[in-house]
Amino acid sequence: MNALVRRADAVEVIGAGLVAKAAGAGSRRVAGVVGRARSTVRGWLARFAGRAELLRRLFTQVLVDVDADPVPPAAAGSVIADAAAAIVAAAGAVARRWGLPVLTVSPWRVAAAVTDGRLLSPDLLVLPINTSAPWPVPR
């Protein structure tokens, strides 16, 4: 999945902006890095910041569920950086689990797939993951 719900930009572009923010850049600098309007970037950053703790927990759970011997990422210094680190770690676990070369798996495409394109949507629905049961898991 290369797109997020209600977002015109590719998920990799948004992800690059989130990584820049996690590294400490402000919205003006992030906008310059990704070549997008500052108002657009502020929207991404605000939405991500508002759900960063939820996303950190979600992607840490994906990491633990998918990796046979998971190593959760260390604290990165901010809630946004912690969430971005969890997304990258979970994507690495997905790549290892299914034997994909890590460099060919975009962490942001994994994030889009896990959240069904709703990484930045107000209606993010987090479903439990059971990797040993057929999908969807009956309730």
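Above this text sits the structure in question.
Reference entry: report on the structure contained in this document. (Residues numbered from 1 in each chain as written. Predicted model: local features only at pLDDT ≥ 70, side-chain atom pairs only at ≥ 80, totals over all residues. Heavy atoms only, no water.)

**As for the packing of helix 1 (residues 11-22) against helix 4 (residues 79-97)**
What counts here: Fitted lines through C-alpha atoms serve as axes, helices being fitted only where they are in contact, and the angles separating the N-to-C directions of these axes extend from 0 to 180 degrees. Helix numbers and strand numbers start at the N terminus; a helix is a DSSP run of H or I with at least 4 residues, a strand a run of E with at least 2. For classification purposes, an angle smaller than 35 degrees is called roughly parallel, one larger than 145 roughly antiparallel, one from 65 to 115 roughly perpendicular, and anything else oblique. The handedness criterion is simple: a crossing whose near helix is rotated anticlockwise from the far helix by less than a right angle is left-handed, and one whose near helix is rotated clockwise is right-handed. Only heavy atoms enter the contact rule, under which two residues are in contact if any of them lie within 4.5 Å. All amino acids are sorted into three groups, where Ala, Val, Leu, Ile, Met, Phe, Trp, Tyr, Cys and Pro are nonpolar, Asp, Glu, Lys and Arg are charged, and the leftover types, Gly among them, are polar.
With their axes 8 Å apart at the nearest point, helix 1 and helix 4 run at an angle of 130° to one another. Here helix 1 lies oblique to helix 4, going by the angle between them. Crossing of helix 1 over helix 4 shows left-handed handedness. Contacts from Leu18, Lys21 and Ala22 in helix 1 reach Ile80, Ala81 and Ala84 in helix 4. Of the residues that constitute the contact of helix 1 with helix 4, the class distribution is five nonpolar, no polar and one charged.

**Concerning the nonpolar core**
As a reminder, the rule being used: Buried Ala, Val, Leu, Ile, Met, Phe, Trp, Tyr and Cys residues form a nonpolar core when they are joined through side-chain atoms within 4.5 Å. Residue burial is assigned from relative accessible area. The probe radius is 1.4 Å, only protein chains are included, and a residue is buried under 20% of its type maximum, exposed over 50%, and partly exposed in between.
Judged by nonpolar contacts, the single largest core of 38 residues is most densely connected at Phe48, Phe59, Trp108 and Leu119. Of all the elements in the fold, those that place two or more residues in this core are helix 1, helix 2 (27-34), helix 3 (38-66), helix 4 and helix 5 (107-114). Those residues in contact with Trp108 that sit more than four places away from it in its chain are Val11, Glu12, Gly15, Leu18, Val19, Ala84, Ile87 and Leu119.

**A word on the packing of helix 4 against helix 5**
Closest axis-to-axis distance for the helix 4/helix 5 pair is 8 Å, and the angle between their directions is 90°. The angle between helix 4 and helix 5 places the two elements in the roughly perpendicular class. In contact with Ala84, Ile87, Val88, Ala91 and Val94 of helix 4, helix 5 contributes Pro107, Trp108, Val110 and Ala111. Its residues assigned to classes, the contact of helix 4 with helix 5 comprises nine nonpolar, no polar and no charged.

**Focus: the pattern of salt bridges**
Just so we agree on the cut-off: The rule for a salt bridge is simple: a side-chain nitrogen of Lys or Arg has to be within 4 Å of a carboxyl oxygen of Asp or Glu.
For the coordinates displayed, the defined rule picks out six salt bridges. Arg56 is the partner of Glu53 in a salt bridge, and the nearest nitrogen-oxygen pair spans 2.5 Å. Pair noted here: Glu53 and Arg56 are both in helix 3, with a separation of three residues, about one helical turn. Where Arg57 meets Glu53, a salt bridge forms, and the shortest distance between an N and an O atom there is 4.0 Å. In this pair, Arg57 and Glu53 are both assigned in helix 3, four residues apart and thus about one turn of the helix distant. One continuous salt-bridge network, built from bridges that share partners, spans Glu53, Arg56 and Arg57.

**So, the side chain of Arg51**
For clarity, the threshold we go by: By the criterion applied in these results, polar contacts are pairs of N or O atoms within 3.5 Å in which, for protein atoms, one can donate a hydrogen and the other can accept it, and in which residues neighboring in sequence qualify only through two side-chain atoms.
The residue Arg51 is located in helix 3 in this model. Polar side-chain contacts of Arg51 include one of 2.3 Å to the backbone oxygen of Ser121.

That is the geometry; function is a separate question.
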